[in-house]
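Next come the chains, spelled out residue by residue.
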Amino acid sequence: MSGIFGVVSKKDCVTDLFHGTDYHSHMGAERAGLVVLSDRFKQEIHRIGSEQFRGKFVHTLSELKGNQGIGVITGVRESQPLIVGSKMGNFAIVLLGMITNADEVAKMLQENGHVFSEMSDGKINSVEVAAKIIAQGKDYVTGINDLFDQIKGSASVLILDQNGTIYAGRDKYGRTPLAIGVRDDSIAVASETCAFANLGYNTVKFLQPGEIDVISKDGFSVVKEGNPDNLQVCAFLWIYTSFPASCVDGIDVELVRERCGRALARRDDVDADYASGVPDSGVGHGLGYAAEKGIPFRRPLVKYTPSYGRSYTPVSQQERDYIARMKLIAIEDIIKNQRIVICEDSIVRGTQLKNETVKKLWGANAKELHIRPACPPLMFPCVYLSSTRSINELAARRAIFALEGRNIDDVSEYIDHNSTKYQQMVEWIRNDLGVTTLRYQLLDDMVEAIGLPKDRVCLYCWRGY
Ligand code: SF4
């Protein structure tokens with residue numbers, strides 16, 4: 001995943017750009033970059049794998065000056081922002097999404113004489129592919145629209161042109177949000193609205209799928225209408241990836257998590273001493289569960305926040321496992337002899353839950369452990385935003401492989417929560433995790449907690465369409 005931020009201001013924008021981009025740090029831990037425009041573009045790009053955004057950028061911040069800028073934090077290795085030349089003039093670009101046919105599109109462009117700079121791993125930078133498509137348009141709006149039409153996967157972009165205008169385009173199917181925030185002297189655009197609050201911006205709108213807006217010092221306006229009927233916004237944003245203080249398409253992330261927890265509790269008959277949530281994203285779900293059941297919410301595991309980020313964002317499994325091991329610390333006196341409900345945002349591979357969370361809780365002499373994931377079993381890796389998981393890594397797929405003795409294509413019976421196969425799969429995962437009980441959220445309960453019509457959210461992870 002990635003997070004993008006842009007700002008046009010009547011005064012120097014660098015402080016806002018720095019903090020606004022930094023508030024997307026939960027969306028990636030691989031690369032980050034900023035571009036500002038004064039008399040020319042000035043760009044900074046750093047790897048943030050070993051040091052967080054703030055630490056990397058704070059030292060060189062004084063070298064950046066300008067009233068307009070765009071920034072990105074990403075979980076992939078592709079460098080951005082890029083600055084490219086075109087017949088419209090020079091422009092800077094940041095991309096949020098995943099272009100799954102980037103090689104195919106690049107090949108077509110190469111056949112028409114375009115040249116691409118190869119990355120060190122031999123792959124093509126999909127941000128460059130996006131920039132080349134846009135540069136071919138008769139203007140930026142046509143170019144961004146061409147990008148939406150030509151790519152598979154998803155793409156939201158911010159373009160900063162050499163006149164200081166930002167073009168903000170939300171993905172054709174709105175898989176990720178883009179919001180505009182306004183302050184008396186500045187206009188900002190962000191994929192996570194948590195970037196606005198402490199900088200004094202008010203969220204005034206969310207772009208529709210496929211919508212393109214221009215932002216200049218004179219204000220902002222729609223230059224290409226979007227189509228709300230195309231909305232397929234990622235359900236996982238509310239369940240896990242977005243920051244709790246963010247709002248996606250007008251729906252608060254933390255409130256959805258609380259509703260998810262309440263829905264889990266309503267279907268649950270287990271007796272527990274208290275409920276909790278695996279930090280950070282499980283906390284909202286746990287609070288909702290505890291409130292609905294009328295039992296305490298407690299913290300048997302706390303996260304060492306000063307230096308450990310999310311285990312989702314680092315690219316390598318080794319790094320993810322290392323962070324998972326180091327960041328959670330058990331509080332023995334809160335765990336010993338207790339029957340504990342643990343709300344978790346989801347079970348992806350299940351290895352961290354098993355090897356870290358569960359192991360630490362049993363190690364501190366918990367009496368019972370009841371795991372309650374806030375979404376159904378993940379059956380398919382994301383094909384729109386993130387390529388970090390393979391299908392056979394998923395806990396549900398490992399269970400199916402064990403039960404069937406082979407990989408199978410048609411998993412519809414395992415998706416149906418009323419089927420015997422679903423019960424067998426859940427029991428296999430429960431046994432593998434080594435917990436007292438395991439009950440997943442039902443898909444319809446999750447969608448109801450989000451509050452959008454079912455055909456307006458992407459549910460591919462759970463049902464394959
Ligand atoms: S496939 Fe999953 S993670 Fe990807 S956009 Fe759809 S719901 Fe989100």
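Criteria and thresholds
- Residues numbered from 1 in each chain as written.
- Predicted model: local features only at pLDDT ≥ 70, side-chain atom pairs only at ≥ 80, totals over all residues.
- Heavy atoms only, no water.
- Near = heavy atom within 4 Å.
- Helix = DSSP H or I, 4+ residues; strand = E, 2+ residues; numbered from the N terminus.
- Nonpolar A, V, L, I, M, F, W, Y, C, P; charged D, E, K, R; others polar.
- Buried < 20%, exposed > 50% of the residue type's maximum accessible area, 1.4 Å probe, protein only.
- Pairing = 2+ DSSP bridges.
- Polar contact = N/O pair within 3.5 Å; in protein donor to acceptor, adjacent residues only side chain to side chain.
- Contact = heavy atoms within 4.5 Å.
- Phe/Tyr/Trp six-rings, centres within 6.5 Å; stacked < 30°, edge-to-face > 60°.
- Axes fitted to C-alpha atoms, helices over the stretch in contact; angles between N-to-C directions.
- Parallel < 35°, antiparallel > 145°, perpendicular 65-115°, else oblique.
- Salt bridge = Lys/Arg side-chain N within 4 Å of Asp/Glu carboxyl O.
- Domains from an automatic or database assignment.
- Expected span 1.5 Å × (residues − 1).

J.: Before we move on, can you summarise the site of the ligand with the specific residues and values?
T.: The environment of the ligand is formed by Cys-234, Ala-235, Cys-382, Tyr-384, Leu-385, Cys-458, Tyr-460, Cys-461 and Trp-462. In terms of residues, the shell around the ligand owes the most to one element, helix H16 (residues 460–463), which gives three residues. The class makeup of the residues in the shell around the ligand is nine nonpolar, no polar and no charged.

J.: Mind laying out the pairing of strand S20 (residues 339–344), listing which residues take part and the relevant values?
T.: A regular strand carries its side chains on alternate faces of the sheet. Burial analysis of S20 places five of its six residues in the buried class, the great majority of the element. Of the strand pairs in this sheet, strand S17 (residues 274–277) and S20 are connected by four bridges, and their pairing is parallel. Paired with Tyr-274 across the two strands is Ile-340, which belongs to S20. Note: S20 against strand S21 (residues 368–373), six bridges, orientation parallel.

J.: Outline the side chain of Ser-2, listing residues and values.
T.: By the element assignment, Ser-2 lies in strand S1 (residues 2–9). There is a polar contact of 2.9 Å between the side chain of Ser-2 and the side chain of Thr-74. Sequence-distant contacts of Ser-2, defined by excluding residues within four places in its chain, comprise Met-27, Val-72, Ile-73, Thr-74, Gly-75, Leu-95, Leu-96 and Ser-191.

J.: Can you tell me about unusual backbone geometry, naming the residues and giving the values?
T.: Residue Pro-81 is bonded to the preceding Gln-80 through a cis peptide linkage, with omega at 5 degrees. As for its position among the elements, Pro-81 is in the loop between strand S4 (68–74) and strand S5 (82–84). The peptide bond linking Pro-279 to Asp-280 adopts the cis configuration, its omega dihedral lying at -5 degrees. Tracing the backbone through its elements, the reader meets Asp-280 in the loop between S17 and helix H8 (282–293).

J.: Account for the pairing of strand S2 (residues 31–37), with residues named and values stated.
T.: With respect to burial, S2 is a largely interior element, seven of its seven residues being buried. Linkage of S2 to strand S3 (residues 41–47), two consecutive antiparallel strands, is achieved through a turn of three residues. Relative to S4, S2 runs antiparallel, the two sharing seven bridges. Paired with Leu-37 across the strands is Gln-68, a residue of S4.

J.: Which residues make up the packing of aromatic side chains, and what values do they have?
T.: As enumerated under the stated definition, the model contains nine aromatic pairs in all. On the numbers, 6.0 Å between centres and 75 degrees between planes, the contact of Phe-236 with Tyr-240 is edge-to-face. Remark: Tyr-240 and Phe-236 occur in helix H6 (residues 236–241); sequence separation between them is four residues, near one turn of the helix. Under the relative-accessibility criterion, Phe-236 is labelled buried at 5%.

J.: Help me get a handle on the packing of helix H12 (residues 395–404) against helix H14 (residues 420–433), residues and values and all.
T.: In contact at an axis separation of 9 Å, H12 and H14 are set at 110 degrees when each is read in the N-to-C sense. As far as their axial angle goes, H14 and H12 are roughly perpendicular. Contact residues: H12 offers Ala-395, Ala-396, Arg-398, Ala-399, Ile-400, Ala-402, Leu-403 and Glu-404, while H14 offers Lys-421, Gln-424, Met-425, Trp-428, Ile-429 and Asp-432. In the contact of H12 with H14, the residues fall into nine nonpolar, one polar and four charged.

J.: Could you give an account of the sheet that holds strand S10 (residues 186–190), with specific residues and numbers?
T.: The strand order across the open sheet built from seven strands is S3-S2-S4-S1-S10-S9-S11, with neighbouring strands paired in antiparallel fashion. Whereas interior strands pair on both sides, the edge strands pair on one side only; in this sheet they are S3 and strand S11 (202–206). Mean inter-strand twist for the sheet, computed between neighbouring axes without regard to direction, equals 15 degrees. Here helix H1 (residues 14–22) sits on the sheet and contacts S1, S2, S4, strand S9 (179–183) and S10; the angle it forms with S4, its principal contact strand, is near 20 degrees.

J.: Would you mind going over the pattern of salt bridges in detail, with residue names and values included?
T.: Enumeration according to the criterion identifies 29 salt bridges in this entry. A salt bridge links Asp-149 to Lys-172, with the shortest nitrogen-to-oxygen separation between them at 3.1 Å. One end of the pair, Asp-149, is in helix H5 (residues 140–150); the other, Lys-172, is in the loop between strand S8 (166–169) and S9, with 23 residues separating them in the sequence. Among the ionic pairs, Lys-205 bridges to Glu-211, the shortest N-O distance being 2.5 Å. Residue classification places Lys-205 among the buried residues on the basis of a relative accessible area of 18%. Here Glu-211 falls in the buried class, since its relative accessible area comes to 3%.

J.: Describe the domain arrangement of the protein chain, and please don't skip the residues or the numbers.
T.: On domain assignment, one finds that the protein chain holds domain 1 (2–231) and domain 2 (255–451). On a C-alpha basis, the centroid separation for the pair domain 1 and domain 2 is 33 Å.

J.: Residues and numbers for helix H11 (residues 351–363), please.
T.: Residues of H11 that are buried: Leu-353, Glu-356, Thr-357, Val-358, Lys-360 and Leu-361. Asn-365 occupies a position one or two residues after H11 and carries a positive phi of about 70 degrees.

J.: Tell me what's going on with the sheet that holds strand S7 (residues 153–161), and back it up with residues and numbers.
T.: One open sheet accounts for six strands, arranged S5-S6-S7-S8-S12-S13; its pairing is antiparallel. The two strands at the open ends of the sheet, each matched to only one other strand, are S5 and strand S13 (219–224). Between one strand axis and the next, the sheet turns by 25 degrees as a mean value, whatever way the strands run. Pairing of S8 with strand S12 (residues 212–216) involves four bridges; the strand directions are antiparallel.

J.: How would you summarise H14 if you had to cite specific residues and measurements?
T.: The end-to-end C-alpha distance of H14 is 20 Å, a good match for the 20 Å that 14 residues give at a rise of 1.5 Å each. Contacts from the buried residues of H14 go to H11, H12, helix H13 (412–415) and strand S22 (437–438). Downstream of H14 by a residue or two, Gly-434 has a phi angle that is positive, lying close to 75 degrees.

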